[in-house]
Amino acid sequence: MKHLITSVFLTAAMATPLLADGHTPPAPDNAMVYFIGLSDGDTVASPVAVRFGLSGMGIAPAGQDMEGTGHHHLLINRPPLGEGEWGDEEWDYGLPVDDNHLHFGKGQTEVTLDLEPGVYTLQMALGSGSHVPYGPGLVTEVITITVE
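These notes cover the structure that comes with them. (Residues numbered from 1 in each chain as written. Predicted model: local features only at pLDDT ≥ 70, side-chain atom pairs only at ≥ 80, totals over all residues. Heavy atoms only, no water.)

A few words now on the overall build of the protein chain. From N to C terminus, the protein chain includes zero helices and ten strands. Each helix and strand of the protein chain, placed in order from N terminus to C terminus, yields the pattern β-β-β-β-β-β-β-β-β-β. Among the 148 residues that make up the protein chain, the fraction classed as buried is 42%. If you take every contact in the protein chain between residues at least 6 apart in sequence, the share linking residues at least 24 apart comes to 72%. If you sum the accessible surface of the protein chain, you get close to 7400 Å²; carbon and sulfur atoms cover 52% of it. (Helix = DSSP H or I, 4+ residues; strand = E, 2+ residues; numbered from the N terminus. Buried < 20%, exposed > 50% of the residue type's maximum accessible area, 1.4 Å probe, protein only. Contact = heavy atoms within 4.5 Å. Areas by Shrake-Rupley, 256 points an atom, 1.4 Å probe, with all protein chains shown as cover.)

Attention shifts here to the pairing of strand S6 (residues 69-76). Counting buried positions along S6 yields eight of eight residues, so the element is predominantly enclosed. Judged from the two bridges that link them, strand S5 (residues 58-59) and S6 form a sheet pairing that is parallel. Across the sheet, Gly 58 pairs through a bridge with Thr 69, a residue of S6. Bridging between S6 and strand S9 (residues 118-127) involves six bridges; their strand directions are antiparallel. (Pairing = 2+ DSSP bridges.)

A few words now on the nonpolar core. Val 50, Leu 74 and Ile 145 are the most contacted members of the largest nonpolar core, which totals 26 residues. Elements that contribute at least two residues to this core include exactly strand S2 (32-36), strand S4 (48-55), S6, strand S8 (110-113), S9 and strand S10 (143-147). Residues within four places of Val 50 in sequence aside, it is in contact with Phe 35, Leu 38, Leu 74, Thr 109, Glu 110, Val 111 and Leu 113. (Core = buried A, V, L, I, M, F, W, Y, C linked by side-chain atoms within 4.5 Å.)

This brings us to the environment of Thr 144. Among the structural elements, Thr 144 can be located in strand S10. A relative accessible area of 30% means that Thr 144 is categorised as partly exposed. Between the C-alpha atom of Thr 144 and that of Gln 123, which follows or precedes it by 21 residues, the distance is 9.0 Å. Setting aside anything within four residues of it in sequence, one finds Thr 144 in contact with Ser 39, Asp 40, Gly 41, Asp 42, Val 119, Tyr 120 and Thr 121.

All right, on to the side chain of Thr 140 then. Checked against the element boundaries, Thr 140 lands in the loop between S9 and S10. Classification of Thr 140 as buried rests on a relative accessible area of 8%. Within polar-contact distance, the side chain of Thr 140 engages the backbone nitrogen of Met 124 at 2.9 Å. (Polar contact = N/O pair within 3.5 Å; in protein donor to acceptor, adjacent residues only side chain to side chain.)

Along the chain, Ser 46 connects to Pro 47 via a cis peptide bond; the corresponding omega equals 5°. Following the sequence through the fold, Pro 47 ends up in the loop between strand S3 (43-44) and S4. For Asn 77, which is not glycine, the phi torsion reads 50° and is therefore positive. For Asn 77, the location among the structural elements is in the loop between S6 and strand S7 (101-103). Residue classification places Asn 77 among the partly exposed residues on the basis of a relative accessible area of 34%.

Here the focus is the pairing of S10. On any regular strand, side chains alternate: one points to one face of the sheet, the next to the other face. What you see with S10 is a clean split: Ile 143, Ile 145 and Val 147 sit on the buried side and Thr 144 and Thr 146 on the side with no burial. Note: S3 against S10, two bridges, orientation parallel. Bridging across to S10, Thr 43 finds its partner in Thr 146. Looking at chain direction, S9 and S10 are connected through five bridges and run antiparallel. Looking at S10, one finds that Gly 118 is bridged to Val 147.

The values are spatial; any link to function lies outside them.
And the structure:
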């Protein structure tokens, strides 16, 4: 998959406070992430603007020690989070940094992707300062888009 990422700075995993059991603190019950202006089944032209929505929490750069905050991750063409290569333990580890796992550790809330024509799956996840997904409540359903 060839793409050009505009305004994205990939960051290495940074320290963030964890609970005594090594997990990320829980997010508020009312928190959710969502795509803005992009829906399952959409057909779009490249470059594709992807905007990230968040309610019930705030955005902070990776490594920030602020309760109730996180940063976005965009997952492209991979199994739905929680059904991937790590199985149920996937929530306990930071997401990798590669073409399928884009990190927005500077607190970005949008990206423009230059995608080749084809069908793509997208999923968003809010992660802690160490890139650990908060869990099922802060992960979108997978959407499928077609790029013409």
